[in-house]
Amino acid sequence: MVDLEQAHTLLVSMPDAVEEAHFDKPAYKIKGKIFATFNIENKWVTLKLTPEQQNILCEDPAFYPIPNKWGQMGWTHVDLNQVKKTHFAEAVDLAYQNIISQKKKAKSKS
């Protein structure tokens with residue numbers, strides 16, 4: 001289980017991460033791109049994963065796709081009441097790295 005403070009601390013500790021409001025929820029961004037949002041009331045974090053990463057992580061019942069088109073693109077909820085701290089930290093790092101790698105690809109094309 002990950003408590004709210006632990007989740008917040010991990011999300012803001014990612015290098016260059018900025019916390020901003022997104023539809024009245026905290027969102028964590030790297031240079032304007034969201035890698036996570038935080039639903040404090042429901043105790044879940046939503047991460048930007050690839051569909052392949054989502055398939056693997058959703059073997060753990062603490063992870064489940066958003067039930068819409070966003071979920072089909074890899075956006076995944078993480079239930080903080082169920083997830084192990086190490087598994088949550090690994091998933092946050094994946095989401096963060098997904099944004100970093102997008103930024104590097106965009107830079108190399110310009």
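Everything that follows concerns the structure shown earlier in this document.
Residues numbered from 1 in each chain as written. Predicted model: local features only at pLDDT ≥ 70, side-chain atom pairs only at ≥ 80, totals over all residues. Heavy atoms only, no water.

Enquirer: Quick one: what's the story with the nonpolar core, residue by residue and with numbers?
Expert: Note that soluble globular proteins tend to have their nonpolar side chains buried in a common cluster. In this structure, Leu11, Phe35, Val45, Leu47, Leu80, Val83 and Phe88 are the most contacted members of the largest nonpolar core, which totals 25 residues. At the level of secondary structure, the elements contributing two or more residues to this core comprise helix 1 (4-13), strand 2 (25-30), strand 3 (33-39), strand 4 (44-48) and helix 4 (85-109). When residues in this core are grouped by element, the largest group, 7 residues, is from helix 4. Contact partners of Leu11, with chain neighbours within four places excluded, come to Ala17, Tyr28, Phe35, Ala36, Phe38, Val45 and Val92. (Core = buried A, V, L, I, M, F, W, Y, C linked by side-chain atoms within 4.5 Å. Buried < 20%, exposed > 50% of the residue type's maximum accessible area, 1.4 Å probe, protein only. Helix = DSSP H or I, 4+ residues; strand = E, 2+ residues; numbered from the N terminus. Contact = heavy atoms within 4.5 Å.)

Enquirer: Quick one: what's the story with the layout of surface pockets, residue by residue and with numbers?
Expert: One water molecule sets the probe size; rolling that probe over the atoms shows where empty space is left. By volume, the largest pocket amounts to about 320 Å³. Lining the largest pocket we find His22, Phe23, Lys25, Ile34, Thr37, Asn39, Trp44, Thr46, Ile66, Trp70, Trp75 and His77. For the lining of the largest pocket, the elements supplying multiple residues, two or more each, are strand 3, strand 4 and strand 6 (75-79). Of all the elements, strand 3 adds the most residues to the lining of the largest pocket, at 3 residues. Residue composition of the lining of the largest pocket, grouped by class: 6 nonpolar, 5 polar and 1 charged. (1 Å grid on protein atoms, 1.4 Å probe; cavity = no way out; pocket = protein on both sides within 12 Å on 5 of 7 lines; lining within 4 Å. Points joined across faces, edges and corners; volume = space filled by probe spheres on them. Nonpolar A, V, L, I, M, F, W, Y, C, P; charged D, E, K, R; others polar.)

Enquirer: For the environment of Trp75, give the residues involved together with the corresponding values.
Expert: Residue position: Trp75 is located in strand 6. A relative accessible area of 11% places Trp75 in the buried class. The residues contacting Trp75, other than those within four sequence positions of it, are Ile34, Phe35, Thr46, Leu47, Lys48, Leu49, Gln54, Pro65, Ile66 and Trp70.

Enquirer: Tell me what's going on with the side chain of Asn98, and back it up with residues and numbers.
Expert: Positionally, Asn98 belongs in helix 4. Within the local environment of Asn98, its side chain forms a polar contact with the side chain of Gln53, the two groups lying 2.7 Å apart. Residues contacting Asn98, with those up to four places away along its chain left out, are Lys48, Leu49, Thr50 and Gln53. (Polar contact = N/O pair within 3.5 Å; in protein donor to acceptor, adjacent residues only side chain to side chain.)

Enquirer: Go over the pattern of salt bridges, please, and point to the residues and values.
Expert: Applying the stated criterion across every chain yields a total of 2 salt bridges. In this structure, the salt-bridge partner of Lys29 is Glu20, at a minimum N-O distance of 3.0 Å. The salt bridge involving Glu41 is made with Lys25; its shortest N-O contact spans 3.3 Å. Remark: Lys25 occurs in strand 2 and Glu41 occurs in the loop between strand 3 and strand 4; sequence separation between them is 16 residues. Among the residues examined, Glu41 registers a relative accessible area of 61% and is labelled exposed. (Salt bridge = Lys/Arg side-chain N within 4 Å of Asp/Glu carboxyl O.)

Enquirer: I'd love a proper account of the sheet that holds strand 5 (residues 63-65), names of residues and values included.
Expert: What links the strands of a sheet is backbone hydrogen bonding, and the strands pair in either a parallel or an antiparallel sense. Strand order in the open sheet formed by 6 strands is 1-2-3-4-6-5, with antiparallel pairing between adjacent strands. The open sheet is flanked by strand 1 (18-22) and strand 5, the only strands paired with a single partner. Taken pair by pair, the neighbouring strands of this sheet meet at an average axis angle of 30°, ignoring direction. Pairing geometry for strand 4 and strand 6, over 5 bridges, is antiparallel. For Trp44, the partnering residue across the bridge sits in strand 6 and is Asp79. Helix-sheet contacts for helix 1 involve strand 1, strand 2, strand 3 and strand 4, and the interaxial angle to strand 3 is about 170°. (Pairing = 2+ DSSP bridges. Axes fitted to C-alpha atoms, helices over the stretch in contact; angles between N-to-C directions.)

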